[in-house]
Amino acid sequence: MNEWEQRIDMRDIPEQYQEIAEMVGIPQLLELSRRLGGTNLYVPKHEALVRTTRDKLIRDEYNGYNTEQLALKYGLTVRWVQEILRDEPLPGQIDMAEWTRELDGMQPAG
């Protein structure tokens, strides 16, 4: 940042950009303008940014009985938590391949 840029005051920022400057700070707004100035910038909805982590945490915390608690914790409906968990096996549940391997291990040597 140039020395004189450190003297930029909020009143010097065009009104339509002041909210961003208040959120991130004037130096950060200037850096954004240096890197992305003149381009169209799309800011995704909050939901889109946090969805992957939220869904992973829900799958990690699921114990087979706590869909209502997870829905409350993450501000979702029970139905939406069930949708997130749709392809998740129940905790402790084995898949068919694992079950077959266990059966093969139980076979008497022949």
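As a starting point, this report considers the structure included with it. (Residues numbered from 1 in each chain as written. Predicted model: local features only at pLDDT ≥ 70, side-chain atom pairs only at ≥ 80, totals over all residues. Heavy atoms only, no water.)

1. Considerations on the layout of surface pockets
Here is step 1 of the chain: Reported here for the largest pocket is a volume of approximately 430 Å³.
Here is step 2 of the chain: Lining the largest pocket are Ile13, Pro14, Tyr17, Ile20, Leu29, Leu30, Leu32, Ser33, Leu36, Thr39, Leu41 and Val43.
Here is step 3 of the chain: When contributions to the lining of the largest pocket are tallied by element, the ones reaching two or more residues are α1 (15–24) and α2 (26–36).
Here is step 4 of the chain: For the lining of the largest pocket, the element with the highest residue contribution is α2, accounting for five residues. (1 Å grid on protein atoms, 1.4 Å probe; cavity = no way out; pocket = protein on both sides within 12 Å on 5 of 7 lines; lining within 4 Å. Points joined across faces, edges and corners; volume = space filled by probe spheres on them. Helix = DSSP H or I, 4+ residues; strand = E, 2+ residues; numbered from the N terminus.)

2. Details of the packing of helix α3 (residues 46–61) against helix α4 (residues 67–74)
Here is step 1 of the chain: Orientation of α3 relative to α4, taken along the N-to-C sense of each, is 150°, at an axis distance of 11 Å. The pairing of α3 with α4 is recorded here as roughly antiparallel in orientation. In terms of crossing hand, the pair formed by α3 and α4 is right-handed. The residues of α4 that touch α3, namely those facing Arg54, Leu57, Ile58 and Glu61, are Leu70, Lys73 and Tyr74. (Axes fitted to C-alpha atoms, helices over the stretch in contact; angles between N-to-C directions. Parallel < 35°, antiparallel > 145°, perpendicular 65-115°, else oblique. Left-handed = near helix turned anticlockwise from the far one by under 90°. Contact = heavy atoms within 4.5 Å.)

3. Considering the pattern of salt bridges
Here is step 1 of the chain: Counting across every chain of the model gives twelve salt bridges.
Here is step 2 of the chain: Between Arg35 and Glu31 there is a salt bridge, with the nearest N and O atoms lying 2.7 Å from each other. Here Glu31 and Arg35 lie together in helix α2, a separation of four residues that amounts to about one turn.
Here is step 3 of the chain: On the basis of relative accessible area, Glu31 is assigned to the partly exposed category, the value being 30%.
Here is step 4 of the chain: It is possible to trace a salt-bridge network through shared partners that takes in Glu5, Glu31, Arg34 and Arg35. (Salt bridge = Lys/Arg side-chain N within 4 Å of Asp/Glu carboxyl O. Buried < 20%, exposed > 50% of the residue type's maximum accessible area, 1.4 Å probe, protein only.)

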